[in-house]
Amino acid sequence: MRCRSAAWLVGPALLALGLAPLATPARSAEASALGGQLGTSAPALAGVDPITGPRSHLNRDWIGVRPVEADTPILVLAGHADSQGIAGSGTSGAAVAAGAPPMYPGISDELYWNMVIAEAVVALGQQRGLRISSYRPPFRTISDGDHPSTNWSVGRQHAASGGYALEIHFDAWGPDGVGSGLIPPLHRPFGRLDESLAEAFGGFPMAFRGGLGGPRRGIALLEVGKLEGRLERSLRNPATRPDTVMAIASRIVTALEVGLGRSPTITPQPLSPQPGGVGSAPPGKGLQASSGDK
Ligand SMILES: [Zn+2]
């Protein structure tokens, strides 16, 4: 049904992704290993991130220096969750444009991934002790953007009362898209949360497209990356999806921790050696262990 609540989607979607055991150290360690490896050892291609692809090349004409309380409540929204089937439903992504089936019938692929990332960010953020929650509109299509239950209205209210409202997006594929980056909220001086997210993902000019509806209402828009190429393939491929989602969510949550003035959580390493792992042999016994394996 067209106007049915999307609330039921994310739970099953996350289960399908294997993301339910977010709290297990193994899953977290895996994800951070992926993020760490790709994040530090990748060639420094100008403006291209190994996970999220091209960053915004537009001039960031702002700096966020306003301190933010460490217990600031953070509200995470999935972009386009209330605008399906009307203008502004989000990008189809390059795969669907090329003929692939959508990730879920009736919604844009962007909304699908926005929901998956938003939910993973909230779960991981709560696990790390942040005051973080999500809001999901009751209907997928609300034509009046100022209706009280839209992302815009709920996000504006949250920001006006001192919280931080963060709406997750993926940028358009092809020449219409810019890349990853934060479009900062415009309702008050830019803060450390804005700065931290922009350092992690890149930044857009403060008046991007004349000031978008969300930022003018006090909502930060995070473009994770263009929904195309390696990023989209890594998300669509069930074998790489869980680690890709966790790497993105972990980068967002770490940026939030830094922006809040908290120490970023160091993912605990497993106490016992990884089964069969090359690094599991104690020093001096590597050769023995290796030959024993053959
Ligand atoms: Zn979007």
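Residues numbered from 1 in each chain as written. Predicted model: local features only at pLDDT ≥ 70, side-chain atom pairs only at ≥ 80, totals over all residues. Heavy atoms only, no water.

Caption draft 1: The arrangement of the sheet that holds strand E3 (residues 74-78) in detail. Reading across the sheet, the 5 strands line up as E4-E3-E5-E7-E6 and stay open at both edges, with mixed pairing between neighbours. Lying at the two open borders of the sheet, with one neighbouring strand each, are strand E4 (132-135) and strand E6 (181-183). Each strand axis lies, on average, 30 degrees off the axis of its neighbour in the sheet, ignoring direction. Looking at chain direction, E6 and strand E7 (residues 219-226) are connected through 3 bridges and run antiparallel. Residue pairing for E7: Leu 182 is matched across the bridge by Leu 222. (Pairing = 2+ DSSP bridges. Helix = DSSP H or I, 4+ residues; strand = E, 2+ residues; numbered from the N terminus. Axes fitted to C-alpha atoms, helices over the stretch in contact; angles between N-to-C directions.)

Caption draft 2: Just the packing of helix H6 (residues 192-201) against helix H9 (residues 241-259), in detail. Contact geometry of H6 with H9 gives a least axis separation of 8 Å together with a crossing angle of 145 degrees. Along this stretch, H6 crosses H9, giving a crossing that reads as right-handed. On H9, the residues touching Arg 192, Leu 193, Ser 196, Leu 197, Ala 200 and Phe 201 of H6 are Ile 248, Arg 251, Ile 252, Ala 255, Leu 256, Val 258 and Gly 259. (Left-handed = near helix turned anticlockwise from the far one by under 90°. Contact = heavy atoms within 4.5 Å.)

Caption draft 3: Expanded view of the coordination of the zinc ion. Within the first shell, the zinc ion binds the protein through His 80 (NE2), Glu 110 (OE) and His 169 (ND1), at distances of 2.1 Å. Donor residues binding the zinc ion come from one chain and are separated in sequence as H-x29-E-x58-H. On the criterion of sequence distance, the pair formed by His 80 in the loop between E3 and helix H3 (94-97) and Glu 110 in helix H4 (residues 109-127) is long-range, its members being 30 residues apart. No difference in accessibility class separates His 80 from Glu 110, as the two residues are buried. (Donors = N, O, S within 2.8 Å, 3.2 Å for Na, K, Ca; no water. Buried < 20%, exposed > 50% of the residue type's maximum accessible area, 1.4 Å probe, protein only.)

Caption draft 4: Region of interest: helix H5 (residues 151-160). Three or more residues of H5 are buried, namely Asn 151, Ser 153, Gly 155, His 158 and Ala 159. In this structure, the buried side of H5 is in contact with E3, E4, strand E5 (164-171) and E7. Gly 162 occupies a position one or two residues after H5 and carries a positive phi of about 100 degrees.

Caption draft 5: Spatial organisation of H4. Its 19 residues give H4 an end-to-end C-alpha distance of 27 Å, which sits within 8% of 27 Å, the value for a rise of 1.5 Å per residue. Taking burial as the measure, the 19 residues of H4 include 15 buried ones, the bulk of the element. In the stretch just after H4, Gly 129 is the one whose phi turns positive, near 85 degrees. (Expected span 1.5 Å × (residues − 1).)

Caption draft 6: Molecular detail of the packing of aromatic side chains. Counted according to the given criterion, the structure contains 3 aromatic pairs. Geometrically, the ring pair formed by Trp 62 and Phe 190 is tilted, given 5.1 Å between the ring centres and 40 degrees between the ring planes. Here Phe 190 lies in the loop between E6 and H6 and Trp 62 lies in the loop between strand E2 (53-54) and E3, a separation of 128 residues in the sequence. Assessed through its relative accessible area of 3%, Trp 62 is described here as buried. Of the residues examined, Phe 190 reaches a relative accessible area of 15% and is grouped as buried. Ring plane angle 90 degrees and centroid distance 4.9 Å describe the contact between Tyr 112 and Trp 113, whose orientation is recorded as edge-to-face. Among the residues examined, Tyr 112 registers a relative accessible area of 7% and is labelled buried. Between the NZ or CZ atom of Arg 60 and the centre of the ring of Trp 62, over which it lies, the distance is 4.7 Å. Stacked on the ring of Phe 201, the Lys or Arg Arg 251 has its end atom at 5.4 Å from the ring centre. (Phe/Tyr/Trp six-rings, centres within 6.5 Å; stacked < 30°, edge-to-face > 60°. Lys NZ or Arg CZ within 6 Å of the ring centre and 35° of its normal.)

Caption draft 7: Expanded view of the pairing of E5. The buried count for E5 comes to 8 of 8 residues, which makes it a mostly enclosed element. Burial of E5 is two-sided: the residues Tyr 164, Leu 166, Ile 168 and Phe 170 facing one way and the residues Ala 165, Glu 167, His 169 and Asp 171 facing the other way are all buried. With 5 bridges joining them, E3 and E5 adopt parallel strand pairing. Opposite Leu 75, over in E5, you have Ala 165 as the bridge partner.

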